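# Inside the fold
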Amino acid sequence: MPYKVFEEYNMQVTDDVKDRYKRIIEDLGEDTKRDGLLKTPERAAKAMQFLTQGYHQDPVEILESAMFEESYDEMVIVKDIELYSLCEHHMLPFFGKVHIAYIPNGQIVGLSKLPRVVDIFARRLQVQERLTEQILDCINDTLKPQGVAVVIEASHMCMMMRGVQKQNSITTTSGFRGQFEKIETRNEFLKLIGK
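First, a word on what this report is: a plain description of the structure on this page. Nothing here was measured: the structure is a model prediction, and the numbers come from that model.

## A short note on the overall build of the chain
For the chain, the count of helices and strands is seven helices and seven strands. Listing the helices and strands of the chain from first to last along the sequence gives α-α-α-β-β-β-β-α-β-α-β-α-β-α. Counting only C-alpha atoms, the chain reaches 60 × 40 × 20 Å along its principal axes. When the 195 residues of the chain are sorted by exposure, 40% land in the buried category. Contacts in the chain between residues at least 24 apart in sequence constitute 71% of all its contacts with a sequence separation of at least 6. When the accessible surface of the chain is summed, it comes to about 11,200 Å², and 51% of that surface belongs to carbon and sulfur atoms.

## Some remarks on the packing of helix H1 (residues 11-27) against helix H2 (residues 40-51)
Their axes nearest at 8 Å, the elements H1 and H2 cross at an angle of 125°. By the angle class used here, H1 and H2 are oblique. Here the hand of the crossing between H1 and H2 comes out right-handed. The residues of H2 that touch H1, namely those facing Val13, Thr14, Val17, Lys18, Tyr21, Lys22 and Ile25, are Thr40, Pro41, Glu42, Ala44, Ala45, Lys46, Met48 and Gln49. Taken together, the residues of the contact of H1 with H2 break down into eight nonpolar, three polar and four charged.

## Looking at unusual backbone geometry
Glycine aside, negative phi is the norm for most residues, and most peptide bonds take the trans geometry. A positive phi is found at Asp80, a non-glycine position, where the angle reads about 60°. With phi around 55°, Gln165 is a residue other than glycine that occupies positive phi space. In this fold, Gln165 is placed in the loop between helix H6 (157-160) and strand S7 (171-178).

## Quick look at the sheet that holds S7
Across the sheet, five strands lie side by side as S5-S2-S3-S6-S7; this open sheet has mixed pairing. Looking along the sheet, the strands with just one partner apiece sit at the ends: strand S5 (125-126) and S7. As paired strands, strand S3 (residues 93-103) and strand S6 (residues 147-156) are joined by ten bridges and run antiparallel to one another. The partner of His99 across the bridge, within S6, is Val151. Across the face of the sheet, helix H4 (residues 113-122) comes into contact with strand S2 (76-87), S3 and S5 while running at roughly 15° to S2. Of the strands in this sheet, S2, S3, S6 and S7 touch helix H7 (residues 183-192), which is tilted by about 130° from S3.

## With respect to the side chain of Thr142
On the secondary structure map, Thr142 appears in helix H5 (residues 128-143). Taking the relative accessible area as the measure of exposure, Thr142 reaches 13% and is therefore buried. Within the structure, Thr142 has its side chain in polar contact with the backbone oxygen of Cys138 (distance 2.7 Å). Beyond its immediate sequence surroundings of up to four residues, Thr142 is in contact with Val60, Leu63, Glu64 and Met67.

Calculation rules
- Residues numbered from 1 in each chain as written.
- Predicted model: local features only at pLDDT ≥ 70, side-chain atom pairs only at ≥ 80, totals over all residues.
- Heavy atoms only, no water.
- Helix = DSSP H or I, 4+ residues; strand = E, 2+ residues; numbered from the N terminus.
- Buried < 20%, exposed > 50% of the residue type's maximum accessible area, 1.4 Å probe, protein only.
- Contact = heavy atoms within 4.5 Å.
- Areas by Shrake-Rupley, 256 points an atom, 1.4 Å probe, with all protein chains shown as cover.
- Axes fitted to C-alpha atoms, helices over the stretch in contact; angles between N-to-C directions.
- Parallel < 35°, antiparallel > 145°, perpendicular 65-115°, else oblique.
- Left-handed = near helix turned anticlockwise from the far one by under 90°.
- Nonpolar A, V, L, I, M, F, W, Y, C, P; charged D, E, K, R; others polar.
- Pairing = 2+ DSSP bridges.
- Polar contact = N/O pair within 3.5 Å; in protein donor to acceptor, adjacent residues only side chain to side chain.

Structure, rendered in structure tokens:
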């Protein structure tokens with residue numbers, strides 16, 4: 001979805017969040033009347049609305065809008081899908097890649113819809129474990145394929161910038177349904193995504 005223009009933001013939400021950000025910045029000891037910070041509370045309010053727009057989008061509707069009958073019944077993989085989300089514990093970003101595979105069962109889906117499902121769930125306050133399950137279950141429940149696999153590899157700013165400050169750590173989560181619960185199918189998927 002393209003970046004929303006100013007008029008598309010809920011102005012009441014923007015004003016309320018802007019006022020809260022202004023107070024937070026002041027409480028931290030900054031001068032919100034300083035030139036560089038004059039518009040920061042409004043920009044932050046709009047950024048937060050953009051980064052959490054997934055609450056107002058329906059991933060099932062996205063998938064259902066591009067489902068097609070097809071007899072293909074081999075593995076379909078979309079890998080290296082860019083991921084950007086906010087950790088719900090510190091509201092700091094985590095980012096990385098998502099790899100998705102499914103084995104159709106009479107229905108395929110437009111390939112661009114899988115990254116859109118990722119974005120819808122990622123644009124909410126999240127933990128990586130839940131994000132993995134939400135993507136997996138949405139695809140499984142909507143497409144009803146023979147199997148679904150999801151692997152997420154991400155770096156978490158809450159571990160990199162604060163706390164343990166481990167800049168090179170990567171967190172990997174995975175989920176498998178149906179045919180991907182069989183070790184040979186799972187191994188084929190992992191080999192194809194380079195894991």
